[in-house]
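Per-entry structural report
Here's the letter readout for the chains.
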Amino acid sequence: MTSPTFTLIHEYGNGGVYHIDLYRLEEAREAATLGLEDLFDRDALVLIEWGERFPQILPPERTEIRLRAKDDEREIEVTTLK
């Protein structure tokens, strides 16, 4: 059994979807060693949690989804960057 809390990259659907969690990383150089550029070049959906911590490693063309707690509800903001 793996713990999503301690695994930085999970692969699903034979490489169709990647879930990346950058929460535990302290510096951008740590994130740069993950080989994310290779994942961005694949025909796959790449989901990144805590990407706002290291915006310099994100591809310029991307869709950002932000979730915010608002009272007893959640606010969802979707932005497409090109």
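Summarised in this report is the structure supplied together with it.

Rules of the game
- Starting afresh in each chain, residues are numbered from 1 along the sequence in its written order.
- Confidence filtering applies because this is a predicted model: local features only for residues at pLDDT of at least 70, side-chain atom pairs given and counted only at 80 or more, and all residues used for totals across whole chains, interfaces and linings.
- Excluded from the side-chain calculations are hydrogens and water; all other atoms, namely the structure's heavy atoms, are used.
- Secondary structure elements are taken from DSSP: a helix is a run of H or I of four residues or more, a strand is a run of E of two residues or more, and numbering for both begins at the N terminus.
- N or O atoms within 3.5 Å of each other form a polar contact, as long as, within protein, one can give a hydrogen and the other can take it, and as long as residues adjacent in sequence are counted only when both atoms are side-chain atoms.
- We call two residues contacting when some pair of their heavy atoms lies within 4.5 Å.
- Only protein chains enter the accessibility calculation, which uses a 1.4 Å probe; a residue whose area is less than 20% of its type maximum is buried, one above 50% is exposed, and one in between is partly exposed.
- Following DSSP output, two strands are said to pair if at least two bridges run between them.
- As a rule, the C-alpha atoms of each element are fitted with a line to give its axis, helices using only the stretch in contact, and angles between N-to-C directions run from 0 to 180 degrees.
- In this description, a nonpolar core means a group of buried Ala, Val, Leu, Ile, Met, Phe, Trp, Tyr and Cys residues linked to one another through side-chain atoms lying within 4.5 Å.

Looking now at the side chain of His 19. Topologically, His 19 is positioned in strand β2 (residues 17-21). Within the structure, His 19 has its side chain in polar contact with the side chain of Glu 49 (distance 2.5 Å). Excluding anything up to four places from it in sequence, His 19 contacts Leu 8, Ile 9, His 10, Tyr 12, Leu 47 and Glu 49.

Glancing now at the environment of Glu 30. Summarising the element assignment, Glu 30 is placed in helix α1 (residues 28-32). Overall, Glu 30 belongs to the partly exposed group, its relative accessible area being 28%. For the pair Glu 30 and Arg 62, spaced 32 residues apart in the sequence, the C-alpha separation amounts to 21 Å. From its side chain, Glu 30 meets the backbone nitrogen of Glu 26 in a polar contact 2.5 Å long.

The strand order across the open sheet built from three strands is β1-β2-β3, with neighbouring strands paired in mixed fashion. Taken across any chain shown, the strands that pair with only one partner, and hence form the sheet edges, are β1 (9-12) and β3 (45-49). Ignoring which end each strand starts from, the neighbouring axes of this sheet average 15 degrees apart.

Take the environment of Ala 32 next. Take Ala 32: it is sitting in helix α1. In the structure, Ala 32 is positioned 32 residues away from Glu 64 in sequence and 20 Å away in space, judged by C-alpha atoms.

Attention now moves to the nonpolar core. Judged by nonpolar contacts, Tyr 18, Ile 20, Leu 22, Leu 25, Ala 31, Leu 36, Leu 39, Phe 54, Ile 57 and Leu 58 together constitute the single largest core of ten residues. Put simply, the parts of the chain that give this core at least two residues each are β2 and α2 (36-40). Those residues in contact with Leu 25, other than ones at most four positions away along the chain, are Leu 8, Glu 30, Ala 31, Leu 34, Arg 53 and Phe 54.

Turning our eyes to something else, we now look at the pairing of β2. Consecutive side chains of a regular strand alternate in pointing toward one face of the sheet and then the other. The element β2 is largely enclosed, with a buried count of four among its five residues. Linking β1 to β2, which pair antiparallel, is a turn of four residues; within it Gly 13 sits at a positive phi near 60 degrees. One ladder, built from five bridges, connects β2 with β3; its direction is parallel. Directly across from His 19, in β3, lies its bridge partner Leu 47.

Worth remembering: the numbers are spatial, not functional.
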